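Results of the structural survey
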Amino acid sequence: MIGSRIGGRYEIVKNIGDGGMSKVYLAHDVILDRDVAIKVLNYDFANEESLKRRFKREALSATSLTHPHIVDIFDVGEEGELHYLVMEYIEGQTLKKFIQDNGALTPKQALPIMLQIVSAIANAHHNGIVHRDVKPQNILMDSDGNAKITDFGIAMALSATAHTKTNSVIGTVHYLSPEQARGGMATKKSDIYSLGIVLYELLSGELPFTADTAVAIALKHLQEETPSVKSIFPSIPQSLENVILKATMKDATYRYDSADEMYDDLLTVLSPERANEQRFAILFDDDRTRAIPIVSETPKFDSVEVTKKIEPVKLEQSPPSPKKRKKWPFIVGGIAGVAILLLVLSLIPGVLGPKKAVIPTVAGMEEAEAKDVLTESGFNSFISQELQSDDIKEGEVIKTIPEAGKKRAVDSEITLYISIGKEKSLLADYIGSNAETTMASLEGQFKSIESEEEFSDKPKGTIIGQEPDAGEVIPSETELLFTVSKGLEMKILDNLIGYDEGRLDDYEKSSGFQINIRKEYSSTVSEGRVISQTPNGKTEIEKGGKVEVVVSKGPAKKPDKLIVQKVTIEYVPDIVEAVPREEDGDESDEEDDGNNSEVVQQPAPVPQLIRIYIQDKNNKMTTIFEEFPITETVEKTISLTLEDGQNGAYKVMRDSEKIFAEVVNYNDTK
Amino acid sequence: MRFEVLTDIGRKRTVNEDSAAVYTLPNGIMLAVIADGMGGHLGGDYASSTAVRVIGEQFMELDSSKFEAEDNWAQWLREAVIYVNDLLYTHANENEAYKGMGTTLEAALIRGRSCLISHTGDSRVYAIDGQGVRQVTRDHSYVNALLDSGEITEQEAAVHPQRNWIMKAIGSEKTIVPDLYTLELEDDMYMLICTDGLSNKVNQQSMSDIVLSGAALREKTEELVDLANKMGGEDNISVILIDSTEVEAINP
């Protein structure tokens, strides 16, 4: 598969992933000169026209989706028995791997990812496409930390085949909605459920429902309440846990009505206004079960205070004028007993009370000065209340109740409203959050929100600085400035092929790239020169990034060969001495007797000296390799070690006679 | 006791991942095995054929004289299945191409009238006689487990999209505990062992009609397979049909 070309234009480079029913390859589209990912289905579609049609339909419908957080499908094709999808190539990892590597994310880290995923699903839903298998394994994280969803509808389309499965499907069951577990149709709300499970996993680093078997997990989805992430990480805001609880309601009618609604909820979930939200719960109505989410926004603390203070104002402002009281006391009293009582009560201070005085104007004075002025007028009972004001400076009196100019008994209580200045709110620390979503969620709350980009090792789009810092600010005066990472500084890498090591050194110094050299034999590139490089020349890579180059070691040496030959060295005794002995007549009698009694007696063998010379990698022909005497024929194994191309030889001498001589070439033998 | 074994690729698949065989010892003890393999490219075929071959080898080598008590037989059968599981599981984990393979495995050990069945997966053993069709084994299926939990109804189970998911398979898990069933073979009773390629396609009434018809045993198995193919034949189809009627004729 690697190195082959499919569809006439996609050159398969390497395998980058394996799924149960598919393999994913990195490929190069030679027509558009770009890298693509090709998902090749590991499924035998032969004779299964309806399944093939269904797969194509699902895949083609997914090609209609264009969204920054959905992996683009460029093409759907088949070549012989091979069925494949051509997709946008995302250099990165799956969200599952990301969670496994990073563990639980903080709400601030998780939220931007979640917003991206939910926006992608919302987009698909608008186009009438239900994903049906939302899980972190189907979400890719690119190097900038952006999430992209893949595999719309495809996985489930394929699983609806006659193939028997095992517990290998457990990965899917972890995110399966109760209605899907029960075998029902997957709906948009099923995707919302799965999104809730994904959010749980992002925040806790673990799955809400685990068990040994697929069915045990499915049963938990059906029967058990979604566990609380707050019980694992109590610092997670209730408002955020509520998103999980609402998305993962067993009964789909209680979930978010749409992914859009979930998105909107997520946008404000970390805002200070929602800091005191109560736990999401469902109440039951008498005749019809109905969701009553207790997520009503708690009013701002500030406004609570203001209304409380204003209430007495109304009461004080509305008492009937003294004139009326005097003129119609009995008529009013005759109308309603309650009114009489009120009137009598209000008349008493006027009749019996001590001295009255007119309240002076103290607005705009410092609090102490105002009290002095009031004391001079005869008043002696004060209450101070703080109040925000855009016009009155902090510490100065805004107004009094009763208002200036009113005539009141001198022992009346006067409330002084002291300005605490302009409205303030707590600016959070947004460093580490995603700029796009943060700025969207803060829009309109400040005088201005701006951002500037800087190179950083933080993922692109991450806030790396903010001005002012977290703390109390006056929103209407705050010009919020975020410093946003534009990722790592990129530089174009030169084509290094053919460079020698000296030039590589110079380039490493001047460019700032880290060059790692690996050596390999090459029969085409001369020794010391660069054969290849990764990444390729003219590629943009981060400043200081690593470059792998392969430098030639020259042509490869073939391994040494061991040549073993067996020679039989015959013992050829010189019989010249024995013959005259037998012919020796003088001792013939004795000899004959002896020979007769000891039938096999022979003369003691005369040893012959054998010398072996070897010419090979380790030995020279000029020196004796081995020397030994023989008195009988022996077998000898001669071993030669030869380097590539080397000629070897050996000879065997018996006394002074050369009995073997052989020349062996490295290439002669196998 | 007579038997017929038939395995068919069906009409849609390009590979037959089913395997089936009946082994007989000289003393008449029989082992009938059926396996439905799964798992990608090579795995399914390898898993089922290896399971059937290896358990057969184990059986043919055993010295049955040592096995008197029923308990011994049950223990042997259980150990043989565990041995096959270990073998396949190890092979799957050591070879990338076989990763994730597994197989169902029905192994029926028949001694005279008594039959001991080891069951793993969703292949099935039926006992069929004049009184009807009785499914002896219960599928280790996801849907059955949901049904047992009371979460779904029979109706929902019948159309559940994941009814092809099974909970147990030989070779896909480190440890396996096969279910053991015993069955007394009575006069005029047939034992039908089959893969889901048959049981998903042929209902019990048709099964009974064919098995109890007057045709020869071979024709009956062919008819069963033909019917499954006629109903679509999406999967491989394997059948072992054992006729116990003649038990007495052989051992008077």
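Residue indices begin from 1 for each chain and proceed along its sequence in written order. Throughout, the order in which chains and ligands are written sets their labels, letters from A for the former and numbers from 1 for the latter. Only residues with pLDDT of at least 70 get local features here, since the model is predicted, and only at 80 or more are side-chain atom pairs given and counted; chain-wide, interface and lining totals rely on the full set of residues.

1. Overview of the overall build of chain B
Rule in force here: Every helix listed is a DSSP run of H or I at least four residues long, and every strand listed is a run of E at least two residues long, numbered separately from the N terminus. Residues with at least 20 other C-beta atoms within 10 Å of their own are called buried, those with 12 or fewer are called exposed, and the rest are partly exposed. The C-beta atoms themselves are positioned from the backbone. Here, residues touch in the contact sense if the C-beta positions derived from the backbone fall within 7 Å of one another.
Across its full length, chain B carries eight helices and 11 strands. By the burial criterion, 47% of the 252 residues in chain B qualify as buried. Summarising the internal contacts of chain B: among those between residues at least 6 apart in sequence, 71% fall at separations of at least 24.

2. Overview of the overall build of chain A
Within chain A one finds 19 helices and 30 strands. Counting only residues that meet the buried cut, chain A has 28% of its 670 residues in that class. Of the contacts formed within chain A by residues at least 6 apart in sequence, a portion of 68% connects residues at least 24 apart.

3. Let's talk about the sheet that holds strand E22 (residues 530–534) of chain A
Residue and element names in this part refer to chain A. Heads up, the condition is: Whether two strands pair depends on DSSP finding at least two bridges between them. Note on geometry: axes are lines fitted to C-alpha atoms, helical ones only across the stretch in contact, with angles between N-to-C directions running from 0 to 180 degrees.
The strand order E21-E24-E22 describes an open sheet built from three strands, whose pairing is mixed. This sheet does not close on itself; its edge strands, each paired only once, are strand E21 (514–520) and E22. The sheet shows a mean angle of 25 degrees between the axes of neighbouring strands, taken without regard to direction. By the bridge criterion, four bridges tie E22 to strand E24 (residues 546–552) in an arrangement that is antiparallel. In the strand pairing of E24, Gln533 is matched with Val549.

4. Structural notes on the packing of helix H3 (residues 107–126) of chain A against helix H7 (residues 188–204) of chain A
Residue and element names in this part refer to chain A. The condition that has to hold: Under this scheme an angle from 65 to 115 degrees is roughly perpendicular, one under 35 degrees roughly parallel, and one over 145 degrees roughly antiparallel; angles in between are oblique. For any helix crossing, the convention is left-handed if the near helix is rotated counterclockwise from the far helix by under a right angle, and right-handed if that rotation is clockwise. Ten residues, namely Ala, Val, Leu, Ile, Met, Phe, Trp, Tyr, Cys and Pro, are considered nonpolar, four, namely Asp, Glu, Lys and Arg, are considered charged, and the remaining ones, Gly among them, are considered polar.
Across the interface, H3 lies against H7 with an axial gap of 10 Å and an inter-helix angle of 165 degrees. Our classification of the angle between H3 and H7 gives roughly antiparallel. By crossing handedness, the relation of H3 to H7 is classed as right-handed. Along the contact surface, H3 presents Pro107, Ala110, Ile113, Met114, Ile117, Val118, Ile121 and His125, while H7 presents Lys188, Asp191, Leu195, Val198, Leu199, Leu202 and Leu203. Looking at side-chain class alone, the contact of H3 with H7 contains 12 nonpolar, one polar and two charged residues.

5. Quick word on the sheet that holds strand E5 (residues 73–79) of chain A
Residue and element names in this part refer to chain A. The strand order across the open sheet built from six strands is E1-E2-E3-E4-E6-E5, with neighbouring strands paired in antiparallel fashion. With one partner strand each, in any of the chains shown, strand E1 (5–6) and E5 form the two edges of the open sheet. In this sheet, strand E2 (residues 10–18) lies alongside E1 in antiparallel orientation, the contact comprising two bridges. Directly across from Ile6, in E2, lies its bridge partner Tyr10.

6. A closer look at the confidence of the model for chain B
All names here are of chain B. To keep things clear, this is the line we draw: Confidence scores labelled pLDDT are given residue by residue by the predictor and lie between 0 and 100.
Of all residues in chain B, 94% attain a pLDDT of 70 or more, and the chain-wide mean is 88. Averaged pLDDT values over the elements of chain B bottom out at 44 in helix H8 (residues 247–250) and peak at 96 in strand E10 (residues 190–194). This stretch, residues 247–252, has a pLDDT under 50; its non-local contacts, to residues over four places away or in other chains, come to six contacts. Model confidence for the complex is summarised by a pTM of 0.54, with the ipTM given as 0.75.

7. Details of the nonpolar core
Applicable threshold: A set of buried residues qualifies as a nonpolar core if it consists of Ala, Val, Leu, Ile, Met, Phe, Trp, Tyr and Cys joined through C-beta atoms within 7 Å. Start and end points for every domain follow an automatic or database-based domain assignment.
One finds A:Ile117 and B:Leu192 to be the most contacted residues of the largest nonpolar core, which totals 139 residues. Per-element tally for this core: the top contributor is H3(A), with 11 residues. For this core, the two domains that each supply at least three residues are domain 1 (5–88) and domain 2 (92–274) of chain A. If sequence neighbours within four positions are ignored, B:Leu192 has contacts with B:Tyr126, B:Ile128, B:Met207, B:Val211, B:Val239 and B:Leu241.

8. Looking at helix H1 (residues 43–61) of chain B
To be explicit about the condition: Each helix should span, by expectation, one fewer than its residue count multiplied by 1.5 Å.
In this model H1(B) runs 27 Å from its N-terminal to its C-terminal C-alpha over 19 residues, within 8% of the 27 Å that 1.5 Å per residue would give. Those residues of H1(B) that sit buried are B:Gly43, B:Gly44, B:Asp45, B:Tyr46, B:Ala47, B:Ser48, B:Thr50, B:Ala51, B:Val52, B:Ile55 and B:Phe59.

9. What to know about the packing of helix H6 (residues 204–211) of chain B against helix H7 (residues 217–230) of chain B
All names here are of chain B. Interhelical geometry of H6 versus H7 gives an angle of 155 degrees and a closest axis separation of 9 Å. On the basis of their axis angle, the class for H6 and H7 is roughly antiparallel. Both H6 and H7 take part in a crossing whose hand is right-handed. Note on element contacts: H7 touches H6 through Lys220, Glu223, Leu224 and Leu227, opposite Ser206, Ile210 and Val211. The class makeup of the residues in the contact of H6 with H7 is four nonpolar, one polar and two charged.

10. Comments concerning helix H8 (residues 214–223) of chain A
Along H8(A), eight of the 10 residues are buried, which leaves the element largely enclosed by surrounding structure. A:Ala214, A:Val215, A:Ile217, A:Ala218, A:Leu219, A:Lys220, A:His221 and A:Leu222 are the residues of H8(A) that are buried.

11. Some remarks on the pairing of strand E6 (residues 82–88) of chain A
Residue and element names in this part refer to chain A. For E6, the tally of buried residues reaches five of seven residues, placing the bulk of the element in the interior. When strand E4 (residues 34–41) meets E6, the two strands line up antiparallel, connected through five bridges. Opposite Val40, over in E6, you have Tyr84 as the bridge partner. Bridge count for E5 against E6 is six bridges, and the pairing is antiparallel. Bridge assignment links Glu79 to a residue of E6, and that residue is Leu82. Counting the residues in the hairpin turn of E5 and E6 gives two residues, including Gly80, whose phi is positive at 60 degrees.

12. Focus on the environment of A:Phe98
All names here are of chain A. Note that Phe98 resides in helix H2 (residues 95–102). The spatial distance from the C-alpha of Phe98 to the C-alpha of Pro136 is 8.9 Å, given a sequence separation of 38 residues. If we ignore the near neighbours within four places in the chain, the residues touching Phe98 are Gln93 and Met141.

13. Concerning unusual backbone geometry
Residue and element names in this part refer to chain A. That bond from Glu467 to Pro468 is cis: its omega, -5 degrees, falls within 30 degrees of zero. Its place among the elements puts Pro468 in the loop between strand E17 (463–467) and strand E18 (471–473). Geometrically, the link from Thr534 to Pro535 is a cis peptide bond, its omega value of -5 degrees lying close to zero. Backbone geometry at Asp33 places phi at a positive 50 degrees, although glycine is not the residue there. Structurally, the position occupied by Asp33 is in the loop between strand E3 (22–29) and E4.

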